[in-house]
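This is what each chain is made of:
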Amino acid sequence: MVEVDVDNIEVEKKFAENFITAIYGGDLIKRSLASLHRIIHMFLNSNKEIKDAEMKELIDFLFKCIDHHGNDASVLFGLLPVSHFEDYFLKRVFEEYYDKLALCFLAKEHIEYVYKENIKLHTENYWLQARLEAFESE
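In this text, all values refer to a predicted model and were calculated from it rather than measured experimentally.

We now examine the overall build of the protein. Helix and strand content of the protein: 6 helices and 0 strands. In terms of overall size, the protein is more extended than a compact globule, its C-alpha atoms giving a radius of gyration of 20 Å where 138 residues would be expected to give roughly 14 Å. Its C-alpha atoms give the protein principal-axis dimensions of roughly 80 × 30 × 30 Å. Residues counted as buried form 33% of the 138 residues belonging to the protein. For the protein, the accessible surface area stands at approximately 9400 Å², while carbon and sulfur atoms represent 55% of it. Taken together, the 16 basic and 26 acidic charged side chains of the protein have centroids lying 4 Å from each other.

Following this line, the structure appears as structure tokens:
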């Protein structure tokens, strides 16, 4: 029979309830990746409408986890939803953490976001090229 560490579960619930405050304490980041995964999962599930400031703090915390725990912390990024900070998030991924973060753990929604933005840019580029050609032919 598997023993359940009830004390640990209660501690994780407290961290999840006070997640944004806990980010700035030193104890949260020192927890195991499995524990951090459960805490972040609980935080996100109990806060369906996360404020923009909290989302940015969560993103920054995840990068701190990479700094502290190394590449293994990449698994935590699978929990991160797409938000208003997607451009900020992706810029950090590709400019600062490209060689530290295992991209395979990014949720598919982040890849879909990149794809849709790419389509927008191509569409805009075609439109601008057509306008330029029309202007040049006048």
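So that's the structure; there's more coming.
Glancing now at the packing of aromatic side chains. In the structure shown here, the tally under the stated rule is 8 aromatic pairs. Seen in terms of ring centroids, Phe63 and Tyr97 are 4.6 Å apart; in terms of plane orientation they differ by 35°. Their pairing is tilted. Taken together, the positions of Phe63 in helix H4 (residues 52-69) and Tyr97 in the loop between helix H5 (86-95) and helix H6 (108-137) put the pair 34 residues apart, joining distant regions of the chain. In this pair, the class of Phe63 matches that of Tyr97, namely buried. On the numbers, 6.0 Å between centres and 25° between planes, the contact of Phe77 with Phe89 is stacked. Of this pair, Phe77 sits in the loop between H4 and H5 while Phe89 sits in helix H5, placing them 12 residues apart in sequence. We classify Phe77 as buried; its relative accessible area is 0%. On the basis of relative accessible area, Phe89 is assigned to the buried category, the value being 0%.

Scoring rules and cut-offs
- Residues numbered from 1 in each chain as written.
- Predicted model: local features only at pLDDT ≥ 70, side-chain atom pairs only at ≥ 80, totals over all residues.
- Heavy atoms only, no water.
- Helix = DSSP H or I, 4+ residues; strand = E, 2+ residues; numbered from the N terminus.
- Rg over C-alpha atoms; globule rule 2.2 N^0.38 Å.
- Buried < 20%, exposed > 50% of the residue type's maximum accessible area, 1.4 Å probe, protein only.
- Areas by Shrake-Rupley, 256 points an atom, 1.4 Å probe, with all protein chains shown as cover.
- Lys, Arg positive; Asp, Glu negative; His and termini not counted.
- Charge placed at Lys NZ, Arg CZ, Asp CG, Glu CD.
- Phe/Tyr/Trp six-rings, centres within 6.5 Å; stacked < 30°, edge-to-face > 60°.

Honestly, it's all geometry; don't read function into it.
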